[in-house]
Amino acid sequence: FLLIYIFSGAMNIGLDTTAGEKERGSMPVLLVNQVSRTSIAMGKILYVMMIAVLNSVFTFIGLIIAFRLGPAFGAGEMNFSSLSPSTLAGLFVTLLTMAGLAASIIVLLGSLARNIKEGGGYILPIYIFAVVLGVATMQMESPDNPLLYIIPLINSIFVMKDIITLQFVSWRFLLMLLSNLTYVSVLIF
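Description of the structure in this document. Small disclaimer: the values here were computed from a predicted structure and weren't measured.

Overview of the pattern of salt bridges
Within this structure, the stated rule accounts for five salt bridges. Of the charged contacts in the structure, one is a salt bridge between Glu118 and Arg114, with a shortest N-O distance of 3.2 Å. Residue class for Arg114 comes out exposed when judged on its relative accessible area of 65%. What you see here is one network of salt bridges that share partners, running through Asp144, Asp162 and Arg172.

Okay, here's the thing in structure tokens:
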């Protein structure tokens, strides 16, 4: 669900800061300034990434509150003992890399589009892929194959599962972190 929340939170903002600026005509004014294009791209990606992370964190907090209030409304009791500070830190780092990857993809595709509608058409297949990927891996165990921790998005899902189920493996986390940071760097470039 966190992967879906990241994409849904970043899509509108990311498209508005790229294709929306082209459509409104404010992009040429930005490009004329004495700022490098890399700095502009980094600023847009960090902005979209921040919004995506905030959307995911607040949705996650809302789910925790709903599960804690669940017994009052007839739902079952949830066990939150696995949500220790180190678990939350690992989840947050994974969430940051996923948000960076999503933001860089959305900003790249939004900058290629001529308007918001076209950008939405470019991003929709990736959003659907993220939803299908999230649903398809719900019942899967984390594999030991290192190649799966190089594939974007799926590596983050498996690492989050490892963290939540207390089956944390450091080489999987590091491989996911390095591969996601590499993908983000290439997409920013």
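Structural notes on the layout of surface pockets
As a volume, the second largest pocket reaches approximately 360 Å³. Around the second largest pocket, the lining is made up of 17 residues, and of these Arg37, Ile40, Ala41, Val107 and Ser111 lie nearest the centre. Counting residues per element, the ones that place at least two in the lining of the second largest pocket are helix 1 (2–24), helix 2 (27–32), helix 3 (37–69), helix 4 (85–112) and helix 7 (170–188). Per element, the largest residue contribution to the lining of the second largest pocket is six residues, and it comes from helix 3. Class assignment for the residues of the lining of the second largest pocket results in ten nonpolar, four polar and three charged.

So, how was this worked out
- Residues numbered from 1 in each chain as written.
- Predicted model: local features only at pLDDT ≥ 70, side-chain atom pairs only at ≥ 80, totals over all residues.
- Heavy atoms only, no water.
- Salt bridge = Lys/Arg side-chain N within 4 Å of Asp/Glu carboxyl O.
- Buried < 20%, exposed > 50% of the residue type's maximum accessible area, 1.4 Å probe, protein only.
- 1 Å grid on protein atoms, 1.4 Å probe; cavity = no way out; pocket = protein on both sides within 12 Å on 5 of 7 lines; lining within 4 Å.
- Points joined across faces, edges and corners; volume = space filled by probe spheres on them.
- Helix = DSSP H or I, 4+ residues; strand = E, 2+ residues; numbered from the N terminus.
- Nonpolar A, V, L, I, M, F, W, Y, C, P; charged D, E, K, R; others polar.

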